[in-house]
Amino acid sequence: MIMDALEAGPATLAQLVEVTGLARPTVHRLASALVHHRFLSRDVRGRYVIGSRMAELAQAVYSDQVVSAAGPILLKLRDATGESSQLFRRQGDSRICVASAERPIGLRDSIPVGTQLSMKAGSAAQVLLAWEDHDRLVEGLRDARFTPTVLAGVPARLGESLGEREPGVASVSAPVRGPSGRVLAAVSISGPIERLSRQPGRRFAHVVSAAAQQLTELVRKNPESDLR
């Protein structure tokens, strides 16, 4: 009832009590809990408004579409680069590999689907964090293996890491976006530094970025399709 009431716009506690017909202590308790979990927020005038968590849940619908479409694109990326490719999605304080195409032979960086990795290291973590709001950026940078300077450069040159997540492993990542422009996921390639070089972004940014853009365009063209 509180969420429905706020669909029309910002409201004070008194207005929520009037619209819902609930007791003031009940509305206050529920609204406070919703603010804590980011389903609601407060504007500059102290009124309740719909919070950022709602947008994140809505974007999860598009994220599922990205996963459905990722398989062939990751295979093509793997074949073009000769390295394992992955799709990562943020889940709380971690990132999850939701799709992958592994290099079939030779030394490789193996990240099976379902693997949970830290948001504190790796090019995919950089990409998934770089476009967050200020508070989440500050929190994400705490104890991170990458610096604020590195993160600030991600929008211009994509994510790149050398031994951040694991010694000897390099990676390059690019963002996949939903219809609103919000980052839904990160497309990555990873492998030994000896093959990717110490400047993997310079070598592979264009092909990784092209794969991420292809996924972005599929979601934007088919926002209600399962993209299979």
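As shown above, the structure is provided for reference.
Participant: Would you explain the overall build of the protein chain in this entry?
Facilitator: Scanning the protein chain from terminus to terminus reveals nine helices and eight strands. Here the C-alpha coordinates of the protein chain stretch approximately 65 × 40 × 30 Å along the principal axes. Here the protein chain, with 228 residues, has 43% of them falling under the buried criterion. Element-wise, carbon and sulfur atoms account for 53% of the exposed surface of the protein chain, whose accessible area totals about 11800 Å². Computed over 29 positive and 23 negative side-chain charges, the inter-centroid distance for the protein chain is 2 Å.

Participant: Can you help me understand the packing of helix α2 (residues 13-20) against helix α3 (residues 24-36) in this one?
Facilitator: Two quantities define a packed helix pair, namely the angle between the axes and the distance from one axis to the other. Remark: α2 packs on α3, axes separated minimally by 9 Å, with the N-to-C direction vectors making an angle of 115 degrees. The pairing of α2 with α3 is recorded here as roughly perpendicular in orientation. Of the two elements, α2 crosses α3, and the hand of that crossing is right-handed. Contact residues: α2 offers L13, A14, L16, V17 and T20, while α3 offers R24, V27 and H28.

Participant: Explain the packing of aromatic side chains here, please?
Facilitator: Any pair of aromatic rings gets described here by the distance separating the centres and the angle formed by the planes. Evaluated as defined, the whole model comprises zero aromatic pairs. Its guanidinium or amino end placed over the ring of F88, R95 lies 4.7 Å from that ring's centre, counting from NZ or CZ. The ring centre of W131 lies 4.6 Å from the NZ or CZ of R177, which sits over that ring.

Participant: Just to check I follow, could you spell out the pairing of strand β7 (residues 169-177) for this structure?
Facilitator: Note on strand geometry: in a regular strand, side chains alternate between the two faces of the sheet. Among the nine residues in β7, nine count as buried, and that is most of the element. Where strand β6 (residues 159-162) and β7 come together, four bridges link them in antiparallel fashion. Across the sheet, residue G159 finds its bridge partner in β7, namely S173. Hairpin connection between β6 and β7: a loop of six residues separates the two successive antiparallel strands, and G163 in this loop has a positive phi of roughly 70 degrees. Where β7 lies against strand β8 (residues 183-192), nine bridges are found, and the strand directions are antiparallel. Its bridge partner being in β8, A170 is matched across the sheet by G191.

Participant: Please clarify how a nonpolar patch on the surface should be interpreted in this entry.
Facilitator: Taken together, the side chains of I50, M54 and L57 make up a nonpolar region of the molecular surface, amounting to roughly 220 Å² of accessible area. Considering the arrangement of structural elements, one finds L57 in helix α4 (residues 52-81). What makes L57 partly exposed here is its relative accessible area of 38%.

Participant: Explain the sheet that holds strand β4 (residues 94-101) here, please?
Facilitator: Note on sheets: strands pair through backbone hydrogen bonds, and any given pair is parallel or antiparallel. Here six strands make up an open sheet; going across it, the order is β5-β4-β3-β8-β7-β6 and the pairing antiparallel. Where the open sheet ends on each side, the last strands, each with one partner, are β5 (116-118) and β6. Averaged over neighbouring strand pairs, the angle between their axes works out to 30 degrees when direction is ignored.

Participant: Where do I start with the side chain of T20 in this structure?
Facilitator: Tracing the chain through its elements places T20 in helix α2. Within the structure, T20 has its side chain in polar contact with the backbone oxygen of L16 (distance 2.7 Å). Residues in contact with T20, not counting those within four places in the same chain, are M1, I2 and V27.

Participant: Is there a simple way to think about the pattern of salt bridges in this case?
Facilitator: Between side chains of opposite charge, pairing is possible as soon as their charged atoms come close. If you walk through the whole model with that rule in mind, you get nine salt bridges. Between E83 and R195 there is a salt bridge, and its shortest N-O distance comes to 2.7 Å. Of this pair, E83 sits in the loop between α4 and β3 (84-91) while R195 sits in helix α8 (residues 193-196), and the two are 112 residues apart along the sequence. Note on E83: relative accessible area 3%, which makes it buried.

Participant: Mind showing me how you'd approach the environment of L196 here?
Facilitator: Here L196 is to be found in helix α8. On the basis of relative accessible area, L196 is assigned to the buried category, the value being 0%. Along the backbone, L196 and S171 are 25 residues apart, and their C-alpha atoms lie at a distance of 7.8 Å.

Thresholds, definitions, all that
Numbering of residues begins from 1 in every chain and follows the order in which that chain's sequence is written. With the structure being a predicted model, the display of local features is reserved for residues of pLDDT at least 70 and the display and counting of side-chain atom pairs for 80 or more, all residues being used for whole-chain, interface and lining totals. Hydrogens and water molecules were not included; the side-chain quantities draw on all heavy atoms of the structure. Numbering of helices and strands starts at the N terminus; helices are DSSP runs of H or I of at least 4 residues and strands are runs of E of at least 2. In this scheme, a residue with accessible area under 20% of its type's maximum is buried, one over 50% is exposed, and one in between is partly exposed, where area comes from a 1.4 Å probe on protein chains only. Only the protein chains shown count as cover for residues, with accessible areas throughout obtained via the Shrake-Rupley method and a probe of 1.4 Å. Only four residue types enter the charge count: Lys and Arg as positive, Asp and Glu as negative, with His and the chain ends excluded. For the purpose of locating charges, the reference atoms are NZ of Lys, CZ of Arg, CG of Asp and CD of Glu. Here the axes come from fitting lines to C-alpha atoms, over the contacting stretch only for helices, and the angles between their N-to-C directions go from 0 to 180 degrees. Any angle from 65 to 115 degrees is called roughly perpendicular, while one under 35 is roughly parallel, one over 145 is roughly antiparallel, and all others are oblique. Should the near helix be turned counterclockwise from the far one by less than a right angle, the crossing is left-handed, whereas a clockwise turn marks it as right-handed. What makes two residues a contact is simply this: any of their non-hydrogen atoms within 4.5 Å. Any two rings among Phe, Tyr and Trp, with Trp reduced to its six-membered ring, count as a pair given centres within 6.5 Å; such a pair is stacked if its planes are under 30 degrees apart, edge-to-face if over 60, and tilted if neither. We call a charge positioned above a ring when the Lys NZ or Arg CZ atom is no farther than 6 Å from the ring centre and deviates by at most 35 degrees from the ring normal. Here, strands pair whenever DSSP counts at least two bridges between them. Residues with no salt bridge and a relative accessible area higher than 30% make up the patches, which join like charges within 9 Å and nonpolar side chains (Val, Leu, Ile, Met, Phe, Trp, Tyr) within 5 Å. A pair is scored as a salt bridge if a Lys or Arg side-chain nitrogen falls within 4 Å of a carboxyl oxygen belonging to Asp or Glu. Pairs of N or O atoms are called polar contacts if they sit within 3.5 Å, as long as, within protein, a hydrogen donor faces a hydrogen acceptor (for residues adjacent in sequence, only side-chain-to-side-chain pairs).

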